[in-house]
Amino acid sequence: MSFWRRREESLVVGAAGLALFLAAFLPLAWTFIEAAAADPPALRRGLAALKAARPWILLGRSLTLAAAATALALLLGVPLGLLLGKTEVWGRRLALALQALPMSLPPFLLGLGWFYLFGAQGFVGSEASRRILFSELGAVLVLGLAFAPVASSLTALGLWGVDAALEEAARVVAGPVRVAVRILLPAAWPAVALAALIVFTLAFSELGVPMFLRVEVYPAAVFARLGGMDFAIAEAGFLTIPLWLVAIVLLGIERSLFRRRSFAVAGLRGRSAAPLPLGRLRFPAAACCWLATLLLLAPILSLAARAGRGGGFSAANQWLWPSLANSLILGCAAASLLAVVGAVLGHAAARRRPGEKILDGLAALAFLAPAALLGVGLTAIWNRPPTRFIYGGPAILVLGFLARYSIVAIRSFAAVLAQFSRDLEDTAAAFGAGYLRRFLGIVLPANFRGLAAAWILAFVFCWRDLETAVLFYPAGWEPLTVKIFTLEANAPEAVVAALSVAQAAATALVLALGFLVWRRKAPW
Amino acid sequence: MKMRMAILLLSFGAGFWCVSGCDRGGPRVVVYTSVDQVFSEPIFRAFEKRSGIAVKAVFDTEEAKSTGVLNRLIAEGGNPQADVFWSGDPVRPLLLIQRGLVEAYAAPNARNIPAAFKSADGSWTGLAARARVLLANTRLVPADQMPRSIRDLADPRWRGQAAMARPLFGTTTMHVAALFSVWGEEKARAFLNDLKANQIRLAGSNGEVKRLVAAGEAAFGLTDTDDANEALREGAPVRVIYPDQEGLGALIVPTAAVLLKNGPNLENGKKLIDFLLSKEVEKALAESAAHMPLQPGVAVPPGVSAIDTLKAMPVDYARLAEQMERIQPWLREWAGL
């Protein structure tokens with residue numbers, strides 16, 4: 001076996017790790033390096049910012065808000081996931097598919113939808129509903145409902161992954177409620193816990209909704225230092241330290257809970273043929289599910305109504321297409337890169353290769369780090385004459401997305417591989433197949449659905465992204481979410497609402513296409 | 001296997017080439033702007049049509065208004081990506097001028113712009129101006145109790161019912177800096193503390209102030225003329241008041257065009273600035289955004305005040321730039337961030 005052949009895996013994993021290092025670690029570390037080198041007093045100011053009481057109060061508030069939003073999302077999402085994923089509720093697949101829509105929109109747009117509903121002059125608004133909406137409680141409700149579909153989808157997928165034999169055996173001796181409570185939910189708890197972690201992270205790092213509802217949160221304090229006149233990078237960098245501590249704690253919890261268990265996120269195991277019978281409860285259960293689905297879709301319906309009322313759909317035409325095309329190109333390019341990096345690093349994680357924990361941790365930290373800080377770092381690192389072809393074009397956004405969302409692709413593919421026996425790989429290795437041959441010839445074809453799921457997930461995150469792109473998108477490459485966010489301030493409400501509906505409709509189309517691909521077998 | 005690998009690598013190479021360079025070719029100009037996208041983008045489309053030069057734009061968001069692209073221009077200073085900065089106010093360009101990032105350009109169309117709204121050496125040239133105004137909801141504020149001064153924001157009569165944008169970004173920071181400049185440090189701080197004591201509602205942007213007032217969620221608020229005009233167009237029950245016309249005067253905020261040093265398309269940048277300073281653009285912005293023309297002889301549409309009919313707050317824009325940088329940490333503390 002040649003020298004290169006023996007080191008194929010190290011080289012490929014190293015290359016993927018290097019991409020992550022260049023996209024995520026360097027820009028984030030730059031904040032401190034550059035600030036220290038250029039302006040030592042700035043570091044003192046940064047430290048002083050951390051010593052003040054206010055940031056810690058905001059941190060406490062953000063943690064509380066994220067915890068409450070997570071609780072709400074689970075309270076609604078888990079029963080919904082159970083009913084839609086495992087019972088005979090009418091139209092359950094359609095309901096699950098519809099719930100993917102709010103999940104793939106920036107929460108800020110959903111907040112806008114709730115505002116059109118419950119603002120003082122909203123469709124069903126009053127002074128009381130306005131007060132609730134523009135408060136901490138309002139932020140919890142908006143974020144909890146925005147992220148509830150994450151909980152319902154992951155719960156459903158987790159339940160689909162439960163061993164069918166186990167479920168069938170339980171059904172012989174127990175009723176549907178007992179099977180659900182004693183067998184299905186405990187078996188699917190890693191998926192539920194993962195949903196809790198994702199929702200908590202998303203709610204904790206959310207900037208648009210709290211700013212819109214005038215709730216002061218920690219990420220806004222970081223943003224204020226990067227968006228303000230004095231451009232206090234060092235202070236922003238120091239204020240990121242507590243965020244990373246939170247990320248490390250979350251990672252610790254996650255690793256202690258899940259590392260020894262596998263769970264399905266792509267529905268790869270054999271499903272139980274028959275859904276759980278609900279008997280007399282079928283109608284009320286279906287009514288509850290569809291009411292809950294309607295509740296989750298309410299902000300989108302409200303946006304559609306607002307758009308229709310003011311002739312927004314025809315007026316939005318002039319603003320829509322270039323940004324929609326930008327979002328599609330950027331989303332597809334970034335999702336493809338993420339799928340490749342995610343497949344390589346996800347495989348390394350699933351097979352416990354050396355260094356995988358460090359790369360996984362780095363990806364997790366980049367996910368939680370303020371996107372604005374990442375943007376500043378990416379500008380500093382990549383805006384140089386030799387790399388102008390990257391910084392001056394959409395490739396810089398693709399790099400930004402790689403930094404921010406690699407964890408999504410890595411974890412989803414690793415979760416799929418956790419259920420894929422390594423015997424085939426070991427056998428091929430015994431017959432002399434190198435890493436690349438095993439990876440391209442066995443791992444990817446056998447897990448094509450997992451790869452497609454990782455691509456779709458990565459695409460959705462890039463597609464709905466606002467925070468990463470807003471501060472450093474290249475000239476002429478404004479994504480649709482940023483355009484909506486920018487126009488929202490001054491354009492007629494009906495136009496903004498129509499653009500938001502267009503984003504939701506395009507999401508539906510992309511998800512439908514993705515689903516069709518997901519159902520196919522590997523093309524090679 | 002080798003064929004598959006080659007196809008895979010070629011696909012990624014093609015994809016990367018696409019995302020890194022697919023928009024090259026043809027004459028172009030890169031502009032960063034903090035003028036609201038809803039108004040500035042149609043101007044750029046008109047320039048494209050007229051000149052055949054493609055405009056690649058970066059627009060600022062309302063929340064980071066003016067400062068997001070400004071900080072980006074500073075960060076990109078060593079390797080500029082933009083040719084033109086069309087700022088929503090004249091203060092941010094001065095911060096770029098201080099850092100040596102601006103190329104002076106005495107545009108032919110700048111000749112008739114009043115001296116107060118341009119620099120003598122052509123570093124920045126003002127055009128289409130806004131004013132800071134009070135926007136009142138006529139259902140909540142009786143006609144005889146309309147606010148007349150920005151001091152009314154701190155009037156206990158309107159406790160919890162007045163709104164302004166968080167003064168960390170955009171024209172609101174400039175307005176606060178102007179107050180620090182005109183009133184002095186102590187009086188300005190006391191006023192801001194009075195606002196807080198009066199439970200003023202801090203919105204994310206001037207556009208949001210407009211929305212709050214138009215929706216009746218605030219009785220009145222401090223915003224810009226373009227936002228106020230938008231509320232009027234939407235048929236909201238609002239009235240626009242130019243504040244302090246018997247006293248301090250209203251703050252006038254011209255937009256400003258700046259040519260950036262070492263931009264990649266310098267000549268096209270000059271062409272864009274020439275176009276921005278034309279009467280045609282001033283007229284279009286007066287009609288679409290209620291901006292007050294600075295070029296003489298441009299007709300003002302109904303509902304838009306002519307610049308010479310207003311009492312303007314006496315400010316030196318260059319001093320405001322320094323003031324804004326200086327008071328930022330205090331303002332952040334005041335805003336609770």
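What counts, and at which threshold
- Residues numbered from 1 in each chain as written.
- Chains lettered and ligands numbered in written order.
- Predicted model: local features only at pLDDT ≥ 70, side-chain atom pairs only at ≥ 80, totals over all residues.
- Heavy atoms only, no water.
- Helix = DSSP H or I, 4+ residues; strand = E, 2+ residues; numbered from the N terminus.
- Rg over C-alpha atoms; globule rule 2.2 N^0.38 Å.
- Buried < 20%, exposed > 50% of the residue type's maximum accessible area, 1.4 Å probe, protein only.
- Contact = heavy atoms within 4.5 Å.
- Areas by Shrake-Rupley, 256 points an atom, 1.4 Å probe, with all protein chains shown as cover.
- Lys, Arg positive; Asp, Glu negative; His and termini not counted.
- Charge placed at Lys NZ, Arg CZ, Asp CG, Glu CD.
- Pairing = 2+ DSSP bridges.
- Patch = residues over 30% accessible without salt bridge, like charges linked within 9 Å, V, L, I, M, F, W, Y side chains within 5 Å.
- Salt bridge = Lys/Arg side-chain N within 4 Å of Asp/Glu carboxyl O.
- Disulfide = S-S within 2.5 Å.
- Polar contact = N/O pair within 3.5 Å; in protein donor to acceptor, adjacent residues only side chain to side chain.
- Nonpolar A, V, L, I, M, F, W, Y, C, P; charged D, E, K, R; others polar.
- Domains from an automatic or database assignment.
- Axes fitted to C-alpha atoms, helices over the stretch in contact; angles between N-to-C directions.
- Parallel < 35°, antiparallel > 145°, perpendicular 65-115°, else oblique.
- Core = buried A, V, L, I, M, F, W, Y, C linked by side-chain atoms within 4.5 Å.

A. Main features of the overall build of chain A. What chain A contains, in helices and strands, is 27 helices and zero strands. Over its C-alpha atoms chain A spans a radius of gyration of 23 Å, differing by no more than 12% from the 24 Å that the globule rule assigns to 524 residues. Once the C-alpha set of chain A is aligned to its principal axes, its extents read approximately 70 × 65 × 45 Å. In chain A, which comprises 524 residues, the proportion classed as buried is 63%.

B. Looking closely at the overall build of chain B. The helix and strand tally for chain B stands at 11 helices and 10 strands. Along the first, second and third principal axes, the C-alpha set of chain B runs to 80 × 50 × 40 Å. Here chain B holds 337 residues, and 63% of them are scored as buried. Taking all contacts inside chain B whose residues are at least 6 apart in sequence as the whole, residues at least 24 apart take part in 77%. Split by element, the accessible area of chain B, about 12,300 Å² in all, is 54% carbon and sulfur. Positive and negative side-chain charges in chain B, numbering 39 and 37 respectively, have mean positions lying 4 Å apart.

C. View of the pairing of strand β1 (residues 28–33) of chain B. All names here are of chain B. When you tally the buried positions in β1, you get six out of six residues, the bulk of the element. The alternating pattern of β1 places Arg 28, Val 30 and Tyr 32 on one face and Val 29, Val 31 and Thr 33 on the opposite face, and all of these are buried. For β1 and strand β2 (residues 54–59), the ladder comprises six bridges, and the chain directions are parallel. Bridge pairing links Arg 28 to Ala 54 in β2.

D. Region of interest: a nonpolar patch on the surface. Residues and elements named next belong to chain A. A contiguous nonpolar patch, built from Trp 189, Val 249, Ile 253 and Leu 257 and spanning about 320 Å² of accessible area, is present on the exposed surface. The biggest single contributor to the nonpolar patch is helix α14 (residues 233–258), with three residues. Following the sequence through the fold, Leu 257 ends up in helix α14. Taking relative accessible area as the criterion, Leu 257 reaches 34% and is therefore assigned partly exposed.

E. Region of interest: the state of the cysteines. All names here are of chain A. Counting across every chain of the model gives zero disulfides over all chains. Between Cys 289, a cysteine without a disulfide, and Cys 288, which holds the nearest cysteine sulfur, the sulfur-to-sulfur distance is 7.0 Å. Overall, Cys 289 belongs to the buried group, its relative accessible area being 0%. In this structure Cys 462 is a free cysteine whose sulfur lies 9.8 Å from that of Cys 332, the closest cysteine sulfur available. When its relative accessible area of 5% is taken as the criterion, Cys 462 is described as buried.

F. Molecular detail of the interface of chain A and chain B. On the chain B side, the residues contacting the 69 residues of chain A number 68 residues. Our count for the contact surface shared by chain A and chain B stands at two salt bridges. Among the salt bridges present, the one from B:Glu41 reaches A:Lys483, with a minimum N-O distance of 3.2 Å. Where chain A meets chain B, there are 10 residue pairs in polar contact (both at pLDDT 80 or more). Counting residues per element, the side of chain A that touches chain B draws most heavily on helix α13 (residues 218–227) of chain A, which supplies seven residues. Class assignment for the residues of the side of chain A that touches chain B results in 42 nonpolar, 13 polar and 14 charged.

G. Here's a closer look at the domain arrangement of chain B. Residue and element names in this part refer to chain B. Its domain assignment divides chain B into domain 1 (2–129 + 253–305) and domain 2 (130–251 + 324–334). A separation of 28 Å is found between the C-alpha centroids of domain 1 and domain 2. Each partner contributes residues to the interface: domain 1 has 26 residues there, and domain 2 has 22 residues. For the pair domain 1 and domain 2, the number of links is five residue pairs in polar contact (both at pLDDT 80 or more).

H. Broad picture of the environment of A:Ala372. Residue and element names in this part refer to chain A. With respect to the element layout, Ala 372 can be found in helix α19 (residues 371–382). Sequence separation between Ala 372 and Ile 456 is 84 residues; the distance between their C-alpha atoms is 25 Å. Setting aside residues no more than four positions away along its own chain, Ala 372 makes contact with Phe 223, Leu 226 and Leu 471.

I. Geometry of the packing of helix α4 (residues 91–98) of chain B against helix α11 (residues 317–334) of chain B. Residue and element names in this part refer to chain B. Running from amino to carboxyl end, α4 crosses α11 at an angle of 80°, the nearest separation of the two axes being 8 Å. In terms of axis orientation, α4 runs roughly perpendicular to α11. Along its contact with α4, which presents Val 91, Arg 92, Leu 94, Leu 95 and Gln 98, the element α11 presents Tyr 317, Ala 318, Leu 320, Ala 321, Glu 322, Met 324 and Glu 325.

J. Broad picture of the pattern of salt bridges. Summed over the entire model, instances satisfying the criterion amount to 28 salt bridges over all chains. Taking the shortest distance from any N to any O, the salt bridge between A:Glu493 and A:Arg306 comes out at 3.0 Å. Pair noted here: A:Glu493 is in helix α27 (residues 493–519) and A:Arg306 is in helix α15 (residues 282–309), with a separation of 187 residues, a long-range link. For A:Arg306, a relative accessible area of 14% puts it in the buried group. Between B:Arg189 and B:Glu185 there is a salt bridge, with its nearest N and O atoms 3.0 Å apart. With a gap of four residues between them, B:Arg189 and B:Glu185 both fall in helix α6 (residues 185–197), about one helical turn apart. On the accessibility criterion, B:Arg189 (30% relative accessible area) is partly exposed.

K. Region of the structure containing the nonpolar core. Residues A:Leu213, B:Tyr32, B:Phe85, B:Trp86, B:Leu153, B:Leu195 and B:Tyr317 are the most contacted members of the largest nonpolar core, which totals 291 residues. In terms of residue count, the dominant contributor to this core is helix α21 (residues 395–417) of chain A (15 residues). Residue assignment places this core across two domains, with domain 1 (2–129 + 253–305) and domain 2 (130–251 + 324–334) of chain B each supplying three or more. Residue contacts for B:Leu195: discarding those within four places in its chain leaves B:Leu153, B:Ala154, B:Met164, B:Ile200 and B:Trp334. If you look at the next biggest cluster of nonpolar residues, it comprises 10 residues, including A:Leu82, A:Leu159, A:Val162 and A:Ala180.

L. Representation of the pairing of strand β5 (residues 125–137) of chain B within the structure. Residue and element names in this part refer to chain B. Burial runs high along β5: 13 of the 13 residues are buried. Here β5 pairs with strand β10 (residues 252–260) via six bridges, running antiparallel. Following the sheet pairing, Arg 130 is matched in β10 by Val 253. Examined bridge by bridge, β5 and strand β8 (residues 220–224) share five bridges and lie antiparallel to one another. Residue pairing for β8: Val 133 is matched across the bridge by Thr 223.

M. Here's a closer look at the environment of A:Gly77. Residue and element names in this part refer to chain A. Of note, Gly 77 is situated in helix α4 (residues 53–86). Given the relative accessible area of 0%, Gly 77 is considered buried. When the C-alpha atoms of Gly 77 and Phe 147 are compared, they prove to be 8.5 Å apart, with 70 residues separating the residues in sequence. Contacts of Gly 77, omitting those with residues within four sequence positions, involve Ala 148, Ala 151, Ser 152 and Thr 155.

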